[in-house]
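# Structure assessment
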Amino acid sequence: MTSPVLLITGASAGIGAATARAAVEHGWRVVLAARSRDRLTQLAAQLGGAATAHACTCDITEWDQVKRLPDQAIQAFGRLDAVFANAGSFTPTSFLHGTGTPEQWRDMVLTNVYGTALVARAVLPTLAHARGHLVLTGSVAGRVTVPGQLYSATKWAVTAIAQAIRAELTDTGVRVTLIQPGLVDAGTTSPDRADDPKLDPGDVARAVLFALSQPQTVDLNEIVVRPTGQQPYR
């Protein structure tokens, strides 16, 4: 088959699952990676089974698991054209008041920063060979200062990772896109923002597919997408 192949991390729910559904609707085959085997298997079945979707259990903070993802994609579909490094976590924090446990802080930093970096390291040689496309999930919180939120710092790091990768890959033909959503209705909203406007995960998925749909000669570097009515500093 000549249909392109997209690897998605954090694919079992939220933005990742919505992107998988949108990608299949647009003719992509998908490799779904996340920690939850049951949810991945269910989603793969919903997307048409082995002909269009392949599930890989993976914790992106574990290099031995992450480094196998490109080979798993090629074994399943014979190619890998694009990667959506989407897996992430959110824990409300306060440096002054000690909100969130140290273990939650560590897990968030490892997932959002170290895990994202590991995914890039694992897939970029394959993407360079294919002249493919790397898409990363950042956040509006990685563009503004959010008082007390370590999450914001992790997403600033993702912004820097995307820029560093783009600079390194200038001569490879690999395109790098950073998607920076505002508040998304993904079930992890801080209580103080429960009533704020929110994006649906499908809104972000459309932004991802828009980036992926550009011709090889277009490198769409950043997409910022907020829900209508969200304050510009949040």
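Residue numbers restart at each chain and count upward from 1, following the sequence in its written direction. Reporting in this predicted model follows two pLDDT cut-offs: at least 70 for local features of residues, and 80 or more for side-chain atom pairs to be given and counted; totals over whole chains, interfaces and linings ignore these cut-offs and use all residues. Each side-chain value is derived from all of the structure's non-hydrogen atoms; neither hydrogens nor water enter the calculation.

On to the overall build of the chain, then. Numbering goes from the N terminus for both helices and strands, where a helix is a DSSP run of H or I of at least four residues and a strand is a run of E of at least two. Check the secondary structure of the chain and you find 7 helices and 7 strands. The order of helices and strands in the chain, counted from the N terminus, is β-α-β-α-β-α-α-β-α-β-α-β-α-β. C-alpha atoms define the radius of gyration, and 2.2 Å times the number of residues to the power 0.38 defines the globule rule. In summary, the chain has a C-alpha radius of gyration of 17 Å against a globular reference of 17 Å for 234 residues, a match within 12%. Accessibility here uses a 1.4 Å probe with only protein chains present; expressed as a share of the type maximum, an area under 20% marks a residue as buried, one over 50% as exposed, and anything in between as partly exposed. Here the chain, with 234 residues, has 49% of them falling under the buried criterion. Averaging the coordinates of the 20 positive side-chain charges in the chain and doing the same for the 19 negative ones gives two points 3 Å apart. Counted charges follow a simple rule, with Lys and Arg positive, Asp and Glu negative, and His plus the chain ends left uncounted. We put the charge of a Lys on NZ, of an Arg on CZ, of an Asp on CG and of a Glu on CD.

An order of β3-β2-β1-β4-β5-β6-β7 is seen for the 7 strands of this open sheet, with the pairing classed as parallel. The two strands at the open ends of the sheet, each matched to only one other strand, are β3 (53-57) and β7 (222-225). With strand direction ignored, the average angle separating the axes of adjacent strands in the sheet is 15°. In this description, contact between two residues means that some pair of their heavy atoms is separated by no more than 4.5 Å. To get an axis, a line is fitted to the C-alpha atoms, and for a helix only the part in contact is used. The angle between two axes follows their N-to-C directions and goes from 0 to 180 degrees. Its contacts with the sheet put helix α4 (residues 69-77) on β1 (5-9), β2 (29-34) and β3, and the angle it makes with β3 is roughly 150°. Here, strands pair whenever DSSP counts at least two bridges between them.

Burial of the side chains of strand β4 (residues 82-85) extends over both faces: A82 and F84 are buried on one face and V83 and A85 on the other. Pairing of β1 with β4 involves 3 bridges; the strand directions are parallel. Note that in β4 the partner of L6 across the bridge is A82. Two strands pair when backbone bridges link them, and β4 and strand β5 (residues 133-137) are joined in this way by 4 bridges, in the parallel orientation. Residue F84 lies in a different strand from β5, and its bridge partner there is V135. Between β4 and its parallel partner β5, the chain crosses via helix α5 (residues 102-130), and the hand of that crossover is right-handed. For crossovers, right-handed means that the path from the first strand over the helix to the second runs clockwise, given strands pointing away from the viewer.

Attention shifts here to the packing of α5 against helix α6 (residues 150-168). Two elements in contact, α5 and α6, have axes separated by 9 Å at closest approach and are oriented at 15°. Here α6 runs roughly parallel to α5, going by the angle between their axes. Classified by chirality, the crossing of α6 by α5 is right-handed. Facing α5, whose interface residues are W105, M108, V109, N112, V113, T116, A117, A120 and L124, α6 presents L150, Y151, T154, K155, A157, V158, I161 and I165. Counted by class, the contact of α5 with α6 contains 13 nonpolar, 3 polar and 1 charged residues. Between 65 and 115 degrees an angle is taken as roughly perpendicular, under 35 as roughly parallel, over 145 as roughly antiparallel, and anywhere else as oblique. Whether a crossing is left-handed or right-handed is set by the direction in which the near helix is turned from the far one by less than a right angle, anticlockwise for left-handed and clockwise for right-handed. Gly is placed with the polar residues, together with every amino acid not listed as nonpolar (Ala, Val, Leu, Ile, Met, Phe, Trp, Tyr, Cys and Pro) or charged (Asp, Glu, Lys and Arg).

When you line up the elements, Q180 lands in strand β6 (residues 175-181). Classification of Q180 by relative accessible area gives buried; the value is 0%. Reaching out from Q180, the side chain makes a polar contact with the side chain of T159 at a distance of 3.3 Å. Beyond its immediate sequence surroundings of up to four residues, Q180 is in contact with G138, S139, V140, G142, R143, T159, E222, I223, V224 and V225. Here a polar contact is taken to be a pair of N or O atoms separated by no more than 3.5 Å, where protein atoms must pair a possible hydrogen donor with a possible acceptor and residues adjacent in sequence count only if both atoms sit in side chains.

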